[in-house]
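Topology and contacts: notes
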Amino acid sequence: MGYIKLNADFFHRDALVVAEELAGKVLARKLPDGTVKRIRITETEAYRGEEDKGCHASKGRTPRTELLYGKSGIIYVYLCYGMHWLMNVITGDEGEPQGVLFRAGEGAEGPARLTKALGIDKRFNGLSFIDNEEIWIEDDGRRFAIRTAPRVGIDYAGDEWKNKPWRFIIGEEI
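In this numbering scheme, every chain counts its residues from 1 along its sequence in written order. With the structure being a predicted model, the display of local features is reserved for residues of pLDDT at least 70 and the display and counting of side-chain atom pairs for 80 or more, all residues being used for whole-chain, interface and lining totals. Heavy atoms from the whole structure form the basis of all side-chain values; hydrogens and water molecules are not counted.

Some points on the side chain of Glu-45
Examined against the element boundaries, Glu-45 turns out to sit in strand β3 (residues 36–48). In this structure Glu-45 comes out as buried when scored by relative accessible area, which is 0%. Polar contacts here mean pairs of N or O atoms no more than 3.5 Å apart (in protein, one a potential hydrogen donor and the other a potential acceptor; neighbouring residues in sequence count only if both atoms are side-chain atoms). A distance of 2.5 Å separates polar atoms of two side chains, one belonging to Glu-45 and the other to Tyr-47. Engagement of the side chain of Glu-45 in a polar contact is seen with the side chain of Arg-103, the distance being 2.7 Å. Should any heavy atoms of two residues lie within 4.5 Å, those residues are counted as being in contact. In contact with Glu-45, other than residues within four places in its own chain, are Ala-19, Gly-99, Val-100, Leu-101, Arg-103, Arg-151, Val-152, Trp-166 and Arg-167. Going along the chain from the N terminus, every DSSP run of H or I of four or more residues is numbered as a helix, and every run of E of two or more is numbered as a strand. Classification of residues uses two cut-offs on accessible area relative to the type maximum, computed with a 1.4 Å probe and protein chains only: under 20% is buried, over 50% is exposed, and between them is partly exposed.

Structure, rendered in structure tokens:
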């Protein structure tokens, strides 16, 4: 089965579209020893702009959120609870902060376990998934049923924003 790397056009769309379509794709990471580790993405979450109270950009542009306003396909990594690295990809148009959180993968339930399994840390912040030899996302042609659910861990955003069905979870292969 062949793998096709996702290109810039894939990421240059609305976060809700990208988040749903990333569910079921494969994160690939070339390890220091030259081997490639692949983990299927089983769950994603979309974050859409300054109006989205769950999005880091809801408080506007800051040094931390500057990447969110940039080019799509860029990796946004941040530290959660002072100990867990979480990885996102920037989507949409420049100047309109949007991103997709990689919430889980096969054998890596939870965003921190996923980054740990792939050896992702702050060094990846600002790198691109496009034309990158160390980390990229692949489409292997497999398709899955997708269900939605409310986002997780953003109670601070208030009921309207935390309950949006912007989490995408793969189900049975179709």
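Quick word on the layout of surface pockets
A pocket, in this scheme, is an open set of points on a 1 Å grid over the protein atoms alone with protein on both sides within 12 Å along at least 5 of 7 lines, while a cavity is a set where a 1.4 Å probe fits but cannot get out; residues line either one if an atom lies within 4 Å of a point. Grid points are joined across faces, edges and corners, and a volume is the space filled by probe spheres set on the points. Here the largest pocket defines a volume of roughly 420 Å³. Lining the largest pocket are 25 residues, with Tyr-78, Cys-80, Leu-86, Leu-101 and Gly-153 sitting closest to its centre. At the level of elements, β3, β4 (75–80), β5 (84–90), β6 (98–105) and α3 (111–118) are the ones that each hand at least two residues to the lining of the largest pocket. All amino acids are sorted into three groups, where Ala, Val, Leu, Ile, Met, Phe, Trp, Tyr, Cys and Pro are nonpolar, Asp, Glu, Lys and Arg are charged, and the leftover types, Gly among them, are polar. Of the residues belonging to the lining of the largest pocket, the class tally is 16 nonpolar, six polar and three charged. In this structure, the second largest pocket spans a volume of roughly 170 Å³. In terms of residue class, the lining of the second largest pocket is built from two nonpolar, five polar and three charged.

A short note on the packing of aromatic side chains
Stacked, edge-to-face and tilted labels apply to pairs of Phe, Tyr and Trp rings (six-membered ring for Trp) whose centres lie within 6.5 Å, assigned for plane angles under 30 degrees, over 60, and everything in between, in that order. Here the structure, examined in full by the defined rule, presents five aromatic pairs. Centre to centre, the rings of Tyr-76 and Tyr-78 are 5.6 Å apart; their planes meet at 35 degrees, and the pair counts as tilted. Comparing Tyr-76 with Tyr-78 shows no difference in burial state: the two are buried. Between Phe-102 and Phe-129 the ring centres are 5.8 Å apart and the planes differ by 70 degrees, which places this aromatic pair in the edge-to-face class. One end of the pair, Phe-102, is in strand β6; the other, Phe-129, is in the loop between α3 and β7 (135–139), with 27 residues separating them in the sequence. Assigned by exposure class, Phe-102 and Phe-129 land together as buried. Ring pairs connect the aromatic residues Phe-10, Phe-11, Phe-102 and Phe-129, which therefore count as one cluster. Sitting above the plane of the Phe-10 ring, Arg-13 keeps its charged end 4.7 Å from the centroid. Lysine and arginine charges are scored as sitting over a ring when NZ or CZ, respectively, is within 6 Å of the ring centre and within 35 degrees of the ring normal.

By themselves these figures say nothing about function.
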